[in-house]
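As a plain string of letters, each chain reads:
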Amino acid sequence: MSAQLAAYSTSTGEAVQFWILGTVAVIGALCTVFMKKAVHSALCLAGTMIVLAVFYLANGAYFLGIVQIVVYTGAIMMLFLFVVMLVGVTAADSLKETIKGQRWLALLSGLGFGILLIAGIGNASLTESTGLAQANANGNVEGIASLIFTRYVFAFEITGALLITAAVGAMVLTHRERTERARTQRELSEQRVRDGKYLPPLPAPGVYARHNAVDIAGLLPDGTPSELTVSKTLRERGQIRDVSMEALNDLKALEQRAEERLERKAVGPAGSGPVDGRSDSERSEEASK
């Protein structure tokens, strides 16, 4: 009896791994549900999938672990993440329920899934399992294939049909039918003229500012920055650097250094007499020397 209990006992390393990674997986799952931004939720879900892959590898299911990382985490989850980042999901999106009763159906489905999960964990805890050695007698891939295509073939086919239905439903829900004719470039330009918008091409950032960065506004002839030279997004974020005073100070310093180098003095009109206290003949004699 003691030998049988020892065969089903958990080592210290396995227990430490389970509690640490299990905590990380639960935290990632909760963050997936409660995060405000969809991108953060997708990242948390990817972390939970990686932890599940580690569990598969630790239990000897090497094929499932690799598939979990390569297919689900590396391909499907990253595709979801890129789509969310490109499309953009904000809090301003409408949360109005389009299908009546879908929240109650989702609540009942979640409750049923919880009951099944608790029943499965209880069954696994009360009954003895055959172990992975028997299932992987001829290899992990062959063992999975024999179970999927013999004992669980109907469940596998139903799961595939559900995934295809979900994909088609997502495409139908995200498709937007165009209800009006697309306007031509001429019509758009005429509309800009009627609205009084800025018609010529926008000036480049950093004009007259001695900088060429996109976050530095160009300067007008009077030295004031022009908002047309920088992106509206940077302006809304408050990420624009104002170098107008710096440019004016540099220009003044440059003019002062040029005057000092060339020894420029105030020169009066012709025939008005000496300006620096010397006559014309004295300056000519000094120049000849």
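Here goes a summary of the coordinates provided.

1. A look at a positive patch on the surface
Link 1 in the chain: Taken together, the side chains of Arg183, Arg192, Lys197 and Lys232 present a region of like positive charge at the surface.
Link 2 in the chain: Inspection of the secondary structure assignment puts arginine 192 in helix 9 (residues 185–195).
Link 3 in the chain: With a relative accessible area of 35%, arginine 192 lands in the partly exposed category.

2. Things to note about a nonpolar patch on the surface
Link 1 in the chain: On the surface, Leu57, Tyr62, Ile66, Ile69, Val70, Val71, Tyr72, Ile76, Leu79, Phe80 and Val83 cluster together to form a nonpolar patch covering roughly 970 Å² of accessible area.
Link 2 in the chain: Sort the elements by how many residues they give to the nonpolar patch and helix 4 (residues 62–87) lands first, with ten residues.
Link 3 in the chain: With respect to the helices and strands, the residue isoleucine 76 is situated in helix 4.

3. Let's talk about the packing of aromatic side chains
The relation between two aromatic rings is expressed through the spacing of the ring centres and the mutual angle of the planes.
Link 1 in the chain: Counted under the stated rule, the structure contains three aromatic pairs.
Link 2 in the chain: Geometrically, the ring pair formed by phenylalanine 18 and phenylalanine 55 is tilted, given 6.1 Å between the ring centres and 35° between the ring planes. Remark: phenylalanine 55 occurs in helix 3 (residues 38–58) and phenylalanine 18 occurs in helix 2 (residues 12–34); sequence separation between them is 37 residues.
Link 3 in the chain: Here phenylalanine 55 falls in the buried class, since its relative accessible area comes to 16%.
Link 4 in the chain: Measuring from ring centre to ring centre gives 5.7 Å for phenylalanine 149 and phenylalanine 156, while their planes differ by 65°; the resulting arrangement is edge-to-face.
Link 5 in the chain: For phenylalanine 149, a relative accessible area of 54% gives the class exposed.
Link 6 in the chain: Residue phenylalanine 156 is classed as partly exposed on the basis of its relative accessible area of 40%.

4. Things to note about the nonpolar core
It is characteristic of soluble globular proteins that their nonpolar side chains tend to be buried jointly.
Link 1 in the chain: With five residues, the main nonpolar core is built from Ala42, Ala46, Met49, Met77 and Leu81.
Link 2 in the chain: Elements supplying a minimum of two residues to this core: helix 3 and helix 4.
Link 3 in the chain: With three residues, helix 3 is the single largest residue contributor to this core.
Link 4 in the chain: Each residue touching alanine 42, except ones within four places of it in the same chain, is listed here: Met77 and Leu81.

About the thresholds
Residues numbered from 1 in each chain as written. Predicted model: local features only at pLDDT ≥ 70, side-chain atom pairs only at ≥ 80, totals over all residues. Heavy atoms only, no water. Patch = residues over 30% accessible without salt bridge, like charges linked within 9 Å, V, L, I, M, F, W, Y side chains within 5 Å. Areas by Shrake-Rupley, 256 points an atom, 1.4 Å probe, with all protein chains shown as cover. Salt bridge = Lys/Arg side-chain N within 4 Å of Asp/Glu carboxyl O. Lys, Arg positive; Asp, Glu negative; His and termini not counted. Charge placed at Lys NZ, Arg CZ, Asp CG, Glu CD. Helix = DSSP H or I, 4+ residues; strand = E, 2+ residues; numbered from the N terminus. Buried < 20%, exposed > 50% of the residue type's maximum accessible area, 1.4 Å probe, protein only. Phe/Tyr/Trp six-rings, centres within 6.5 Å; stacked < 30°, edge-to-face > 60°. Core = buried A, V, L, I, M, F, W, Y, C linked by side-chain atoms within 4.5 Å. Contact = heavy atoms within 4.5 Å.

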